[in-house]
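Topology and contacts: notes
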Amino acid sequence: MAGAITHDHAAAAQGRQGGPLIVTEDVELLDDLLRLCAAAGARPEVHHTVPDGRGTWEAAPLVLVGDDAARRVRGAARRRGVVLVGRDQDDSGVWRRAVEIGADHVLLLPDGEQWLIDRIADVAEGVGRPALTVGVIGGRGGAGASTLACALAVTSARQGRRTLLVDADPLGGGLDVLLGGETAEGLRWPAFAASRGRVGGGALEESLPELHALRVLSWDRSDAVAVPPQAVRAVLAAARRRGGAVVVDLPRRVDEGAAEALAQVDLGVLVVPAELRAIAAAARVASAAGMVLGDLRVAVRGPYAPGLDDREVARLLGLPLLGEVPAEPPVPDGGVPPGGAARGPLARFCTVFWDRALVEAGGV
């Protein structure tokens, strides 16, 4: 066995932390750990004992010590992020050996595999502050929620922020169409229907169509109109882990999949046309969404019915007022996307929105 298998210099150059350090001579255990690293999208460095290279032990984002190697690493400098990995469920001595090497955790395979995959993926992706996630939902059909969701995403990307736009409404026609990218290469929701557990954030982002400097997860033109809730949870969690901003276009009906999306939204925007029937419909939507989402605000669209203004609409719904969404001329086929005209009224509205939301979130 070679002293070191590989080191992910490319990941380090991109600001990622790279893969873990594995210390073991147990061939079967090493095979298991390499398999788990592959599942997490990480490239580890492997040694039989504490590496000779200066700083390698201290610099690794995570150290996986095989139980066979515990004796050989006793003299290593104490550090955080050391996991002692074994297989013998009945060996009580593993806890003593963990204390001797200063391990943070003891992991016994195969029971702890999913936990370890998640931990390896975290360090490989360099997990930091999660993305500010904004959900946009229409108070009634035709309220303009999809247009606003696209405009918010386009504006965020124009400001230089990593941005991902997620179409969570399978009956909405596809946000890629609204952005003029229905033929763009990349995966759509049906490709992720079987996703469970952990989805790699980097792999997700790279697999999606890139339109107007942002990544878009939309629906294709097949008959598939549902993705299991577990897949929705896994995909949105992956999208959030890489930071920046995630904008989700939500359906009005809160089913299990929509509830999973709502659970990961930091700020909800309810788009309501300023007329009485729309307000009545929006009240039902707000009641359902509010059971999952803690921060829901109203964005009002004109023209206004007699006796109504934006403040009155918010008062009738009992929700905080975000503001009035300005109208923009319809976007022609192949034209500028919603919010694409930087000096247009919709883009200015979105710019103010992000400025305020980012301050409230403490910066992203």
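Structure first, text after, so check above.
Within every chain, residues take consecutive numbers counted from 1 along the sequence as written. pLDDT decides what is reported in this predicted model: residues at 70 or higher carry local features, side-chain atom pairs at 80 or more are listed and counted, and totals for whole chains, interfaces and linings draw on all residues regardless. To obtain the side-chain values, all non-hydrogen atoms of the structure were included, while hydrogens and water were left out.

**A word on the side chain of T155**
We count it as follows: Strands here are runs of E lasting at least two residues and helices are runs of H or I lasting at least four, both read from the DSSP assignment and numbered beginning at the N terminus. For this analysis, residues touch if any pair of their heavy atoms sits within 4.5 Å.
Along the polypeptide, T155 turns up in helix α6 (residues 145-158). Apart from residues no more than four positions distant in its own chain, T155 is found in contact with G339, A347, C350, T351 and W354.

**So, the pairing of strand β13 (residues 321-325)**
Test applied: Any two strands between which DSSP finds at least two bridges are classified as paired.
When strand β12 (residues 296-301) meets β13, the two strands line up parallel, connected through four bridges. Bridge pairing in β13 links A299 to G323.

**Quick look at the nonpolar core**
Condition: We define the nonpolar core as a collection of buried residues of types Ala, Val, Leu, Ile, Met, Phe, Trp, Tyr and Cys that are connected through side-chain atoms lying within 4.5 Å of one another. Only protein chains enter the accessibility calculation, which uses a 1.4 Å probe; a residue whose area is less than 20% of its type maximum is buried, one above 50% is exposed, and one in between is partly exposed.
Residues V166, W189, L204, L270, V272, V313 and L317 are the most contacted members of the largest nonpolar core, which totals 42 residues. Among the elements of the structure, β7 (163-167), α9 (229-241), β10 (245-250), α10 (256-263), β11 (267-273), α11 (276-290), β12 and α12 (310-317) are those that each provide at least two residues to this core. Ignoring any residue separated from it by four or fewer positions in sequence, one finds W189 in contact with V166, D167, L217, S218, W219, V227, A231, V232 and V235. Ranked by size, the runner-up nonpolar core spans 34 residues in total, among them A149, L175, A245 and L267.

**A few points about the sheet that holds strand β1 (residues 21-23)**
For clarity, the cut-off: To obtain each axis, a line is fitted to C-alpha atoms, and for helices this fit is confined to the stretch in contact; angles are then taken between N-to-C directions over 0 to 180 degrees.
Strand order in this open sheet of five strands is β2-β1-β3-β4-β5, and the pairing throughout is parallel. This sheet does not close on itself; its edge strands, each paired only once, are β2 (45-47) and β5 (105-108). Adjacent strand axes in the sheet meet at a mean angle of 25° when their direction is disregarded. Examined bridge by bridge, β1 and β2 share three bridges and lie parallel to one another. Residue pairing in the sheet places L21 in a bridge with E45 of β2. On top of the sheet, helix α4 (residues 93-101) reaches β3 (63-66), β4 (82-86) and β5; it is set at about 155° to β4, its chief contact. Sheet strands in contact with helix α5 (residues 113-125) are β3, β4 and β5, and its direction is about 130° off that of β5.

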